[in-house]
Amino acid sequence: MAGNGCNEPQRSSQLLLEHVLGLSGAAYYMALADPFPLARKADWEALVTRRAAGEPVQYITREQEFYGRAFEVTPDVLIPRPETELLVEAILKYGAELWPDGLVAVRGEAAPEAEGDEQWTAAGGEAGAVRGEAAPEGMAAADEAAAHSAAGRSAARRESGAGFAGAARPLTAVDIGAGSGAISVTLAAEAPAWRVCAGDISPGALAVARRNAQRHGTAVDLRLGDLLEPFAGLETDILVSNPPYIPGGDIAGLQREVRDHEPRTALDGGGDGLDPYRRMMEQLPLLPAPPRLVGFELGQGQAEQVAGLLRAAGHWDEIITIDDLAGIPRHVLGIAR
């Protein structure tokens, strides 16, 4: 495979061999001294041929580990990357700081029912229900303006305290660009008190995310649609996204594993790669109020511009940039204390 220009040929060979033999961990290493089973020879050669042609090993084995869990992956979804685990860690950390019990105080005698709760996965329900319809329309323009004003935000945060302790709803986290469900399913598994929702423009991706939600026994409300549109009118406390961020003109120069096999809709972020971030900021008025915690993954060299978009929106008191394991600024968070 190395002679065919495959990246990480040794690692690819091991993953394919584990897949063919149905072994992993210590059992795999113990079996290395045994003769290769001739009954598996044709399968092994077929998989090696596919990998040598540039197909990612994760699509061949249909699996990728993320945050200690195995996720199904298909050509309908982007292959989860290790750096995205850092985004999940940050969301869990700051989410626990802002809402220690996973609940959000609300006005009135009882927490309002979220639109479409009959399709929200609950105990005994079907994990990962897919929504194709939009939520109710957002507030009138005047109400939106008030909700997004600085005074309105400050008052809402003050009034969410002890004065309304008798009524609460689960914290709601929304993942834009669900893909395989790596982010949303992990959040739901690690923070079971949260209500976790996820959206994607691809029906195929949502089908994969649904299966992963079921696989890990998590409750995720999956909705079909473009960016924030499926969540119009939904009280959203956390917004997290690993959107397409590759500049369209750069895609031809990517590794062939990415360029030729991963879905372009999950890669192409427009002329400068920042279109999804701009559009999400423009769509914030679809929500009743801006989320108190926003977390975005981004490409190399984009951190300053994405942080600038959050500052310009004016909804968050603190903007944080997080480096990946290679020291590259990879995530930008906005926090309203």
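For every chain, the first residue of the written sequence is number 1, and numbering continues from 1 along that sequence. A pLDDT threshold of at least 70 governs which residues receive local features in this predicted model, and a stricter bar of 80 or more applies before side-chain atom pairs are shown or counted, although totals over entire chains, interfaces and linings include all residues. To get the side-chain values, take all heavy atoms of the structure and skip hydrogens and water.

**Describing the overall build of the protein**
In this text, helices come from DSSP runs of H or I with a minimum length of four residues, and strands from runs of E with a minimum of two, each type numbered from the N-terminal end. Within the protein one finds 12 helices and 12 strands. Considering the protein as a whole, with its 337 residues, one finds that 47% of them fall into the buried category. The criterion used for residue contact is that any of the two residues' heavy atoms lie within 4.5 Å. When contacts within the protein are restricted to residue pairs at least 6 apart in sequence, those whose partners lie at least 24 apart make up 69%. For the area figures, the Shrake-Rupley method with a 1.4 Å probe applies, and any residue is considered shielded solely by the protein chains shown. Surface exposure of the protein reaches about 15,400 Å², of which carbon and sulfur atoms provide 52%. Relative accessible area decides the class of each residue, using a 1.4 Å probe on protein chains only: under 20% of the type maximum gives buried, over 50% gives exposed, and in between gives partly exposed.

**Remarks on the pairing of strand 8 (residues 220-224)**
Most of strand 8 is tucked away, with 4 of its 5 residues classed as buried. Relative to strand 8, strand 7 (residues 195-200) runs parallel, the two sharing 5 bridges. Looking across to strand 8, one finds that Asp 200 is bridged to Leu 224. In this fold, strand 7 hands off to helix 9 (residues 203-215), which returns the chain to strand 8; that crossover is right-handed. Between any two strands, at least two bridges found by DSSP are needed for them to pair. Here is how to tell: hold the view so the strands point away, follow the path from the first strand over the helix to the second, and if it runs clockwise the crossover is right-handed.

**Thoughts on the pairing of strand 10 (residues 293-297)**
Of all the 5 residues making up strand 10, 5 are buried; the element is thus mostly covered by neighbouring parts of the structure. Of the two faces of strand 10, the one lined by Leu 293, Gly 295 and Glu 297 and the one lined by Val 294 and Phe 296 are each fully buried. Examined bridge by bridge, strand 9 (residues 238-241) and strand 10 share 4 bridges and lie parallel to one another. Residue pairing in the sheet places Ser 241 in a bridge with Phe 296 of strand 10. Sheet topology places strand 10 next to strand 12 (residues 329-335); 5 bridges connect them, and they run antiparallel. Looking across to strand 12, one finds that Glu 297 is bridged to His 331.

**Comments concerning the side chain of Thr 61**
Position of Thr 61 among the secondary structure elements: in helix 4 (residues 57-61). Residue class for Thr 61 comes out buried when judged on its relative accessible area of 17%.

**Quick look at the nonpolar core**
We call a set of buried Ala, Val, Leu, Ile, Met, Phe, Trp, Tyr and Cys residues a nonpolar core when their side-chain atoms join them within 4.5 Å. Counting 35 residues, the largest nonpolar core has Ile 91, Leu 187, Trp 194, Ile 238, Leu 293 and Leu 333 as its most contacted members. Here the element with the most residues in this core is helix 5 (residues 83-98); it accounts for 7 residues. If we ignore the near neighbours within four places in the chain, the residues touching Leu 293 are Ile 91, Tyr 94, Gly 95, Leu 98, Trp 99, Asp 237, Ile 238, Leu 239, Trp 316, Leu 333, Gly 334 and Ile 335. Residues Val 174, Leu 284, Ala 303 and Ala 336 belong to the second largest nonpolar core, which totals 29 residues.

**Brief notes about the packing of helix 11 (residues 275-283) against helix 12 (residues 303-313)**
Between N-to-C directions, angles cover 0 to 180 degrees, with each direction set by a line fitted to C-alpha atoms, over the stretch in contact for helices. Running from N to C, helix 11 and helix 12 cross one another at 10°; their axes reach a closest spacing of 10 Å. As far as their axial angle goes, helix 12 and helix 11 are roughly parallel. On helix 12, the residues touching Tyr 277, Arg 278 and Met 281 of helix 11 are Val 306, Leu 309, Leu 310 and Ala 313. When residues are sorted by character, Ala, Val, Leu, Ile, Met, Phe, Trp, Tyr, Cys and Pro go into the nonpolar class, Asp, Glu, Lys and Arg into the charged class, and all the rest, Gly among them, into the polar class. Taken together, the residues that form the contact of helix 11 with helix 12 break down as 6 nonpolar, no polar and 1 charged. Every angle not falling under 35 degrees, over 145, or within 65 to 115 is termed oblique; those three ranges are roughly parallel, roughly antiparallel and roughly perpendicular.

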